[in-house]
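Observations on the model geometry
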Amino acid sequence: MFGKRKAPATAHLPVIIVRQSALDSEDVYELPYSVVQYVNFVLQEAMYLRSEIPQEAMWAFHVDYYIAQVNNGGHSQYVGNSGWHDYQIADIRAGLKAIGQEDAIELYEDLCAFAESHPEQFQDGMDARGFGKFPEFFSKADTLFYAGINDRLMQGNHDFIASLDCIMPVADDEIQGIMEGLGARNPHFDQRKKEREDAVAESRRKDPIMQACVYLGMMADEPMNVDRWLSGAPTEGPEGQKGTMFQVALADGGVTRAYLFPTFGVMLKPGSEDQGTPLPIDMIQEHVKSMTGDYLPREMWR
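Residues numbered from 1 in each chain as written. Predicted model: local features only at pLDDT ≥ 70, side-chain atom pairs only at ≥ 80, totals over all residues. Heavy atoms only, no water.

Regarding the pattern of salt bridges
Opposite charge on two side chains permits pairing when their charged atoms draw close. Summed over all chains, the structure comprises 13 salt bridges. Its salt-bridge partner being Lys140, residue Glu136 comes within 3.9 Å of it at the nearest N-O pair. Of this pair, Glu136 and Lys140 both sit in helix α7 (residues 136-162), four residues apart, which is roughly one turn of that helix. The salt bridge involving Lys269 is made with Glu222; its shortest N-O contact spans 3.6 Å. Separated by 47 residues along the polypeptide, Lys269 in the loop between β6 (264-267) and β7 (279-280) and Glu222 in the loop between α11 (208-218) and β3 (226-236) bring together distant segments of the chain. In this structure, a network of salt bridges that share partners links the residues Glu202, Arg205 and Lys206. (Salt bridge = Lys/Arg side-chain N within 4 Å of Asp/Glu carboxyl O. Helix = DSSP H or I, 4+ residues; strand = E, 2+ residues; numbered from the N terminus.)

Regarding the packing of α11 against helix α12 (residues 281-292)
Each pair of packed helices gets described by two things: the angle between the helix axes and the distance between those axes. Between α11 and α12, the shortest axis-to-axis distance is 9 Å and the interhelical angle comes to 125°. Classified by the interaxial angle, the pair formed by α11 and α12 is oblique. Judged by the sense of rotation from one axis to the other, the crossing of α11 with α12 is right-handed. Seen from α11, the contacting residues are Pro208, Gln211, Ala212, Tyr215, Leu216 and Met218; seen from α12, they are Met283, Ile284, His287, Val288, Met291 and Thr292. Classifying every residue of the contact of α11 with α12 gives nine nonpolar, three polar and no charged. (Axes fitted to C-alpha atoms, helices over the stretch in contact; angles between N-to-C directions. Parallel < 35°, antiparallel > 145°, perpendicular 65-115°, else oblique. Left-handed = near helix turned anticlockwise from the far one by under 90°. Contact = heavy atoms within 4.5 Å. Nonpolar A, V, L, I, M, F, W, Y, C, P; charged D, E, K, R; others polar.)

Quick look at the side chain of Thr244
Structurally, the position occupied by Thr244 is in strand β4 (residues 242-250). Accessibility expressed as a relative area gives 10% for Thr244, which makes it buried. Discounting residues that sit within four places of it in the chain, Thr244 has contacts with Gly232, Ala233, Thr235, Ala258, Tyr259, Leu260 and Met300. (Buried < 20%, exposed > 50% of the residue type's maximum accessible area, 1.4 Å probe, protein only.)

So, the packing of aromatic side chains
For the structure shown, the criterion picks out 19 aromatic pairs. Arranged with centres 5.8 Å apart and planes meeting at 90°, the rings of Phe114 and Phe138 form a pair that is edge-to-face. With Phe114 in helix α5 (residues 102-117) and Phe138 in helix α7, the pair connects residues that are 24 residues apart, well separated along the chain. Here Phe114 and Phe138 have matching classes, each one buried. Members of the aromatic cluster, joined through ring pairs, are Tyr65, Tyr66, Tyr78, Trp84, Tyr108, Phe114, Phe122, Phe134, Phe137, Phe138, Phe145 and Tyr146. (Phe/Tyr/Trp six-rings, centres within 6.5 Å; stacked < 30°, edge-to-face > 60°.)

Function-wise, these values are silent; they only describe arrangement.
In structure tokens, the structure reads:
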């Protein structure tokens, strides 16, 4: 009755597991990429929280994200795609400090200062995501980054990771099995997995686009069970109607396309261009409204 209560089980990974070949590689990208793979797996598949793995893994992960985004589309793309979240900013600042590259630190601090001092212009840069017009500050930051900061920062991130005591290199032919066993070490795996699946299911249930795709699949000549929509892109239909095409994943593993226009919607049969019977957009909208409480956004048809 008066015995000691058991402390709740805790989840903790004290090491960063990487491929031995990545640690040995002369390609400076291989080691950061192996850390990215580790972080993605332990957070998304093994159900650990970021607070339960070495903080240096998150620093290196987000520094690599910063490098990749700016290399691909500039600082405007980076701030737009990242969402400019506090936790990510803190990780990058800590990572840059640990790497010790002063010009990269100064550039990133200038970016943070610009966000504080010119919030409207910063938001314009976020909204542009590297396309069209955006404030000159972002172009100047890109010029500095591409003048050599990017290559030095990639090397610095590699060297920082390689210096960590918590790095655990594993033979390439053994790492998959070891990684897959990490979930079994997590005492919260089952609970967190169910909570995440429930959250995803609820998010999809409330998503107007998801519900439109589900309805198109359900009402198709040969009904299809939609799992999720993957991506969307502007398209043009009959008589010049502007609409959106969505790549759609099916529950059986197949992939198809759904089209939504101002007057109708349709889903193709997997592996063909046979569009089946189009459905009036009003019918689709009523289903979407009944499931989500909202209609499809009109922006899809502009």
